[in-house]
Amino acid sequence: MKPAITLEGISKSFPGVRALSDVSLALYPGSVTALIGENGAGKSTLVKILTGIYQPDSGVIRVADEDVTFPTALSAARAGVTAIHQETVLFDELSVAENIFLGHAPRNRFGLIDWKKLNADAQALLQRAGADFDPTIRLRDLGIAKKHLVAIARALSVDAQVVIMDEPTAALSHKEIHELYALIERLKADGKAILFISHKFDEIFRIADRYTVFRDGTLVGEGLIADVSQDDLVRMMVGRAVGSVYPKKAVAIGEPVLAVSGYRHPTEFEDISFELRRGEILGFYGLVGAGRSEFMQSLIGITRPSAGAVRLDGEVLVIRSPAEAIRAGIVYVPEERGRQGAIIGMPIFQNVTLPSLSRTSRSGFLKLANEFALAREYTARLDLRAASLDQDVGTLSGGNQQKVVIAKWLATKPKVIILDEPTKGIDIGSKAAVHAFMSELASQGLSVIMVSSEIPEIMGMSDRVIVMREGRIAGRFDRAELTAEKLVRAAAGIETQVNGRAA
Amino acid sequence: ENKKIALVVKALGIGFFEAANKGAQEAAKELGDVEVIYTGPTSTTAEGQIEVINSLIAQKVDAIAVSANDTDALVPALKKAMDRGIKVISWDSGVAKEGRMMHLNPSSNALIGNMIIKLAADNLPEGGDVAVLSASATATNQNTWIAEMKKVQANYKGINVVATVYGDDLADKSYRETQGLIQSYPNLKAIIAPTSVGIVAAAQAVTDAGKVGQINVTGLGLPSEMAGHVKSGASKSFAIWNPIDLGYSATMIAYDLINGAEAKPGAELKMGRMGTVKLDDNNEGAMADPFVYDAKNVEEFAKIF
Amino acid sequence: MADAQISPRNIPDRLEGRGVRLLKSWEALLVVVAAAIFLGNSLASPYFLDPWNLSDATFNFTEKAMIAFAMALVIISGEIDLSVASIIAFASTAMGYAVQLGFDTPALVAIGLGVGLLCGTVNGLLITGLGLPSIVVTIGTMSLFRGLSFIVLGDQAFTGYPESFAWFGQGYVWWVFSFEFALFLLLAVIYGVLLHKTNFGRAVYAIGNNQTAALFSGVRVARVKFTLFLLTGLMAGLASICLTSRLGSTRPSIALGWELEIVTMVVLGGVNILGGSGTIPGVVLAALIMGMVTFGFGLLNVPGIVMSIFIGLLLISVIALPILWQRARRRLAH
Amino acid sequence: MMAKLLLKNRELLLLAAIAVLVALIALRFPAFVTVANLAGVYNDTSILVILALGQMAVILTRCIDLSMAANLALCGMVAAMLNAAFPGLPIPLIILAAMALGALLGTINGALVWKLDIPPIVVTLGTLTIYRGLIFLLTDGKWINAHEMSDAFKALPRLELAGTPVLSWLSLLMIALMVLVMGRTPLGRAFYAVGGNPHAAVYTGIDVGRTRFFAYCLSGTLAGLSGYLWVSRYAVAYVDIAAGFELDIIAACVIGGISIAGGIGSVPGAVLGALFLGVIKNALPVINISPFAQMAISGTVIIIAVAVNARAERRKGRVILKKAEAV
Ligand SMILES: Nc1ncnc2c1ncn2[C@@H]1O[C@H](COP(=O)(O)OP(=O)(O)OP(=O)(O)O)[C@@H](O)[C@H]1O
Ligand SMILES: Nc1ncnc2c1ncn2[C@@H]1O[C@H](COP(=O)(O)OP(=O)(O)OP(=O)(O)O)[C@@H](O)[C@H]1O
Ligand SMILES: [Mg+2]
Ligand SMILES: [Mg+2]
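Keep in mind that this is a model prediction, so the values were computed, not measured. (Residues numbered from 1 in each chain as written. Chains lettered and ligands numbered in written order. Predicted model: local features only at pLDDT ≥ 70, side-chain atom pairs only at ≥ 80, totals over all residues. Heavy atoms only, no water.)

Peer 1: In this structure, what is going on with the domain arrangement of chain C? I would like to understand it.
Peer 2: Frequently, the measure chosen for interface size is the accessible area that the parts lose on association. All names here are of chain C. Taken domain by domain, chain C consists of domain 1 (48-301) and domain 2 (303-334). A separation of 27 Å is found between the C-alpha centroids of domain 1 and domain 2. Per-residue buried area on domain 1 facing domain 2 is highest for L268, V293 and F297; these three make up 51% of the total on that side. Taken together, domain 1 and domain 2 are joined by 0 salt bridges. Of all the secondary-structure elements, those providing two or more residues to the side of domain 1 that touches domain 2 are α14 (258-268) and α15 (280-299). (Domains from an automatic or database assignment. Buried area = accessible area lost by both parts, 1.4 Å probe. Salt bridge = Lys/Arg side-chain N within 4 Å of Asp/Glu carboxyl O. Helix = DSSP H or I, 4+ residues; strand = E, 2+ residues; numbered from the N terminus.)

Peer 1: Could you clarify how one ought to interpret the side chain of R176 of chain B in this entry?
Peer 2: Relative to the helices and strands, R176 of chain B is located in helix α6 (residues 171-184). With relative accessibility at 16%, the residue R176 of chain B sits in the buried group. For R176 of chain B, the side chain forms a polar contact with the side chain of D44 of chain D, separated by 3.1 Å. Not counting the four nearest positions on each side in its chain, R176 of chain B is found in contact with D44, Y234 and K281 of chain D. (Buried < 20%, exposed > 50% of the residue type's maximum accessible area, 1.4 Å probe, protein only. Polar contact = N/O pair within 3.5 Å; in protein donor to acceptor, adjacent residues only side chain to side chain. Contact = heavy atoms within 4.5 Å.)

Peer 1: Explain the sheet that holds strand β7 (residues 162-166) of chain A to me, please; I cannot follow it from the model alone.
Peer 2: The strands making up a sheet are joined through hydrogen bonds of the backbone, oriented either antiparallel or parallel. All names here are of chain A. Pairing is mixed in the open sheet, where 6 strands are placed in the order β6-β7-β8-β3-β9-β10. Across the chains shown, the open sheet's two edge strands, defined by having one partner strand only, are β6 (81-84) and β10 (218-224). Direction aside, neighbouring strands of the sheet carry axes that sit 20° apart on average. Of the pairings in the sheet, the one linking strand β3 (residues 31-37) to strand β9 (residues 210-215) comprises 5 bridges and is parallel in character. Paired with L35 across the bridge in β9 is T212. Running over the sheet, helix α6 (residues 174-189) touches β3, β7 and β8 (193-197) and is turned about 150° from β8. (Pairing = 2+ DSSP bridges. Axes fitted to C-alpha atoms, helices over the stretch in contact; angles between N-to-C directions.)

Peer 1: Please explain the coordination of the magnesium ion (ligand 4) as it appears in this structure.
Peer 2: Six octahedral donors around a metal ideally make angles of 90 or 180 degrees; four tetrahedral donors ideally make 109.5 degrees. All names here are of chain A. Within the first shell, the magnesium ion (ligand 4) binds the protein through S293 (OG) and E335 (OE), at distances of 1.8 to 2.2 Å. Here S293 is found in helix α9 (residues 292-299), whereas its partner E335 is found in the loop between β16 (330-333) and α11 (337-341), with 42 residues between them in sequence. For S293, a relative accessible area of 17% translates into the label buried. (Donors = N, O, S within 2.8 Å, 3.2 Å for Na, K, Ca; no water.)

Peer 1: Would you take a moment to explain the packing of aromatic side chains for this structure?
Peer 2: A ring pair, where both rings are aromatic, is described by two values, the distance of the centres and the angle of the planes. Counting across every chain of the model gives 40 aromatic pairs over all chains. Here F16 of chain B and W241 of chain B contribute two aromatic rings whose centre-to-centre distance is 6.5 Å and whose plane-to-plane angle is 90°, an arrangement assigned as edge-to-face. Here W241 of chain B lies in the loop between β10 (237-240) and α9 (243-258) and F16 of chain B lies in helix α1 (residues 15-31), a separation of 225 residues in the sequence. Of the residues examined, F16 of chain B reaches a relative accessible area of 7% and is grouped as buried. According to the relative accessible area criterion, W241 of chain B is buried, its value standing at 3%. Ring geometry for Y161 of chain C against F165 of chain C: centres 5.2 Å apart, planes inclined by 20°, an arrangement best described as stacked. Taking relative accessible area as the criterion, Y161 of chain C reaches 12% and is therefore assigned buried. Looking at F165 of chain C, the relative accessible area reads 1%, which means it is buried. (Phe/Tyr/Trp six-rings, centres within 6.5 Å; stacked < 30°, edge-to-face > 60°.)

Printed below as a string of structure tokens:
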């Protein structure tokens with residue numbers, strides 16, 4: 001069979017990093033190729049080269065035996081390459097139809113945009129993507145899942161032979177993921193060549209036909225999925241075997257540390273009550289959008305609950321701001337690292353010490369020596385890789401940024417640490433490191449809350465699990481009674497429907 | 001060594017002051033050993049003038065003759081100049097007494113105040129509503145003239161001053177203020193603009209509103225700028241003193257002071273071809289009477305200033 | 001050396017020494033520019049190198065610089081305050097009004113600073129309380145504060161400030177050093193310490209670089225920003241005292257158009273207009289540069305507007321230079 | 001229902017506000033609401049409308065143009081100088097020259113923003129002083145007065161077509177053109193995309209820098225046109241014309257609901273914002289409010305407008321609880 005598109009000898013450097021060196025890839029019609037690699041292996045860079053956003057330093061792209069170049073995103077689309085990118089690339093203030101057709105809107109004979117045709121075409125595309133809503137509404141009025149469908153419709157709006165999906169399931173719930181699988185099957189049947197990027201192996205084994213593995217910007221293996229096992233892939237990716245994936249230590253669970261009772265918020269959540277004990281890892285499971293982050297953020301004073309009480313070590317606490325939460329010993333490692341976690345533009349050591357300044361300084365005046373000492377201590381514990389401590393965090397790779405963010409919170413010496421999706425978008429090697437670290441924290445007597453949407457992670461790491469659905473607690477499970485099925489049922493609300501609640 | 005006399009104006013580029021500069025240069029040529037530095041800020045602000053004055057002090061000029069943007073704000077800077085031995089006079093628009101040695105009025109304030117209302121009244125035998133369009137609300141000379149005008153208003157029966165508005169010596173603002181006047185006072189018969197910027201803008205606004213013949217624009221203006229409006233009938237007549245003479249006289253007085261003349265009440269200072277000026281109790285003196293321009297003579301003077 | 005980089009447990013604190021960092025900094029560039037202008041001025045005019053003349057020249061920038069220090073902090077935090085010049089006018093009007101009521105110097109100073117703080121509070125409440133964008137809020141309060149002065153004063157002026165009040169704008173501390181210049185130096189030190197040596201300063205940088213992450217890290221974002229607007233208000237009040245004292249009178253049009261000059265000073269000083277970086281020494285140098293440019297050109301009787309062309313060109317080229325330099329270096333490296 | 005519609009649509013809200021304002025004025029001064037007078041107010045606001053349209057395009061792309069008023073002044077001066085030097089030159093040619101110069105000045109802004117990546121506010125803060133300074137260098141600070149301009153030069157904006165001056169017609173034409181550009185051309189849509197999400201725009205094949213560049217060209221061209229209109233209407237040209245007007249233009253845009261953060265705004269919004277300011281400016285002298293109160297009033301209006309717009313812009317929170325959604 002002839003490939004739909006071929007890349008040969010592609011290299012790409014950024015100042016200080018060689019993101020891709022001499023990699024090759026071929027995508028075949030009617031087949032799904034999975035692209036696998038650690039964080040920073042160069043996967044997204046390759047996607048951007050394929051879609052005209054970056055230009056390769058060397059190498060050729062070949063479509064139908066012809067050498068082509070993609071100087072802009074538009075030229076790639078014209079050559080039949082389309083992509084759902086890792087980042088959302090949509091426009092909140094524009095209508096759904098316009099989001100789909102921005103850059104290649106149908107025009108009338110005066111060269112002006114033909115709105116009527118635009119809306120009609122958009123409607124048709126949405127239907128094909130399995131979505132049925134009015135294309136004239138503004139994007140900002142849609143929920144996250146529908147937005148994702150718009151992104152898919154946009155990818156379908158160009159008549160493409162090659163469809164690229166860069167971690168398309170990261171923001172989708174169970175049901176939508178299954179719809180996406182169905183769509184991929186249909187595209188396959190239409191003879192499209194599909195490049196599928198994911199860190200989730202269950203997905204890869206479910207839908208991919210072939211695989212390609214990158215490590216540090218080089219190609220380290222390719223072949224048919226049918227010929228490999230998960231362990232083989234991991235070994236290719238990381239260059240070694242990864243030991244126990246969920247290194248949960250047995251810890252003696254102590255007395256209650258944090259007790260939350262009757263937390264509620266007018267629109268986001270209600271009736272949240274639970275206890276957290278010393279040395280415990282409490283998992284919070286739920287589908288994306290279940291309101292877990294919202295609730296956790298209310299615990300540290302970002303959003304204000306309308307009712308409810310928190311007791312820490314038996315004392316009632318009122319927390320109005322993150323500053324107060326930190327002082328009380330409750331810290332939150334946020335989900336969105338780029339927006340809420342790292343302060344890009346500031347040096348590593350200043351990032352680490354920001355919440356602990358009151359300890360490193362003397363009566364309001366900075367003591368740089370103390371700051372460096374603190375930063376050195378915690379970054380060393382997390383095995384940070386960096387050239388120096390006064391380097392801008394923005395120059396670090398994603399995984400190392402996450403380490404700086406975690407170091408920042410640990411340096412405050414908390415009693416309770418809340419980790420929101422701590423391994424989201426992190427490769428398998430770093431993931432194991434984070435998990436090992438979490439276990440160690442618990443064994444040192446810290447109490448940990450771990451928010452995660454990944455069932456294996458929840459089952460592997462938690463002593464107890466609370467499941468949330470639509471802002472309420474939908475189930476509580478001990479480690480002993482935990483099964484994947486119970487979690488999914490509780491999260492999707494299958495039991496409550498039996499009880500016959502009007503919907 | 002040449003004597004350095006600085007002619008500081010409200011802002012560079014205003015036709016009136018350019019003409020005054022001409023006069024100052026004429027005086028310098030006549031005197032022979034004088035260099036005139038013509039300077040000023042770019043817009044009519046006191047802070048700008050202070051910066052200019054500071055740099056003149058640094059250059060150790062011999063005299064500063066200033067037309068002030070603000071009566072009071074320049075005083076400290078000018079005092080400092082006098083402390084350093086620089087002769088300071090104000091002309092056209094005055095500085096408070098303690099900030100200068102003498103002030104040269106282009107004409108006596110009372111005469112000007114009377115003149116501007118008389119120009120309006122002469123064309124209104126039956127009387128009627130008139131309004132005043134002034135320069136900025138902080139301009140010293142305009143305020144003085146308007147005050148003088150109000151003092152003698154009673155002498156002109158039937159003339160009713162209905163409003164005073166401010167165009168800030170900006171063409172567009174003056175234009176809009178005039179439009180406002182035309183709308184608010186349907187019976188308006190004349191607009192008095194004792195400022196060369198305002199009078200032009202007002203005449204333009206009256207023309208645009210189609211009120212030529214109904215509303216007469218008068219006040220103080222430059223013949224070169226007003227010639228067109230006199231011809232169109234928007235302005236029947238206006239007055240001004242000769243700015244060339246004013247710049248000439250200010251330079252001459254400054255020179256006289258440099259040469260040791262003393263400015264005190266009753267003293268007479270030399271003004272070259274303009275004669276002498278006698279100082280009153282406030283150390284102020286008047287140069288000459290304002291001169292009236294109308295359709296008969298405006299063309300001739302338009303060529304000069 | 002290479003080994004140190006590989007071993008993860010031995011990350012050095014700093015990659016470059018103090019000297020190298022200083023040399024590469026924006027301030028180094030400004031020092032060169034300042035020196036060049038100083039030299040140019042001394043050659044161009046025989047009057048430039050005179051202590052009294054230089055002392056007079058400082059009045060061209062001291063009041064603006066006082067505000068520029070506080071403005072630098074506001075801009076580093078990612079906001080802007082365009083109402084400062086109007087606060088000067090309003091505070092000056094309040095002081096003038098108080099003079100008419102018979103208040104004396106100490107009360108006037110208190111009123112000037114108090115009104116500045118009050119205006120800062122209004123800005124702060126609108127911006128941090130209601131979460132409105134500072135650029136438009138302060139365009140609004142810019143009209144409002146000066147507008148209030150116009151309502152109070154109309155075409156009038158307040159004069160008759162007490163003798164003792166004149167000291168703030170006209171007095172000398174020692175020899176040629178005026179009170180204003182001494183205050184400028186003192187404030188430079190205070191703001192330098194505040195921004196570079198305290199937790200508060202660190203919070204300002206954190207907010208400017210990533211406001212959300214700063215909030216999550218326990219920085220009291222609203223409180224810090226509110227304080228910054230209070231500080232600019234206070235500095236505008238202080239500048240108002242100095243300027244009013246120097247002019248000896250109050251008109252509503254006082255300090256018209258200063259806001260853009262102050263922002264120019266701050267940006268020329270290397271403060272990133274988008275927030276997140278900048279230093280006080282940079283602003284001090286920019287103030288000196290702008291002061292020397294206006295004074296030097298003034299000595300040559302060059303009109304003010306020509307100076308502003310020069311400042312405009314300086315602003316764009318000084319910002320463009322490092323960008324072009326980096327590009328050229330990258331091209332060479334390839 | 002009506003109230004809800006009003007609250008949802010910024011432009012309607014603003015229109016209602018203008019209507020209320022005009023009604024209030026009419027209470028004290030009925031003559032203000034005659035058709036002729038309102039047409040006069042519109043005519044008087046025309047230049048601001050044209051400028052606000054240009055500024056809107058720039059602000060939509062998350063930039064700002066502080067140099068518009070200086071650009072206007074320079075182009076106006078050059079138009080006047082051309083006319084004074086060659087009185088025979090046809091007026092359309094002079095207008096074209098003014099627009100071309102405006103476009104060039106806009107291009108300089110745009111190129112600095114695009115090619116050198118200097119923040120827009122810094123670029124235009126710099127060119128603001130440079131452009132105005134150039135007028136001074138060009139003229140030595142001298143004014144060009146009415147009598148130095150040809151009659152044809154001054155007459156064009158005042159010329160009445162169907163009872164309405166050409167000045168008003170020109171601004172209406174510009175509005176129509178901008179509606180077309182913003183709504184029906186890829187460039188217009190690109191303005192929204194670039195301001196709304198510059199990062200995503202790259203992925204859609206839109207060149208962010210180039211789009212901003214075109215926004216500046218557009219605002220420059222409109223400033224050039226306004227330059228001629230201003231100078232011929234007020235029949236005078238000097239260094240300081242329209243000084244400080246840049247803030248009025250931005251205020252008009254802000255009142256018109258154009259978000260300073262980019263990506264949000266519309267042509268009707270910009271026009272209504274300009275008209276709102278125009279009505280206030282024209283009405284205050286008429287209803288005998290002290291001219292000194294004018295500034296404070298427009299400041300208050302701007303603050304209120306921002307607060308209202310911010311309220312309308314505030315995203316309705318994502319509602320997780322099903323119960324709450326039903327309410
Ligand atoms: N615009 C850029 N400038 C500088 N470096 C970049 C840029 N884009 C990517 N890189 C670097 O190139 C390398 C490859 O990044 P890339 O985004 O392709 O990784 P990835 O395989 O998609 O990782 P992930 O699984 O985290 O998405 C990383 O080291 C990254 O830091
Ligand atoms: N309508 C929406 N528009 C944009 N983003 C959305 C929308 N709904 C949800 N999201 C994003 O999806 C993510 C999950 O939402 P949320 O935090 O409310 O639920 P959660 O149960 O805490 O999810 P998670 O387990 O991912 O933390 C967040 O990053 C949120 O910003
Ligand atoms: Mg990626
Ligand atoms: Mg979440």
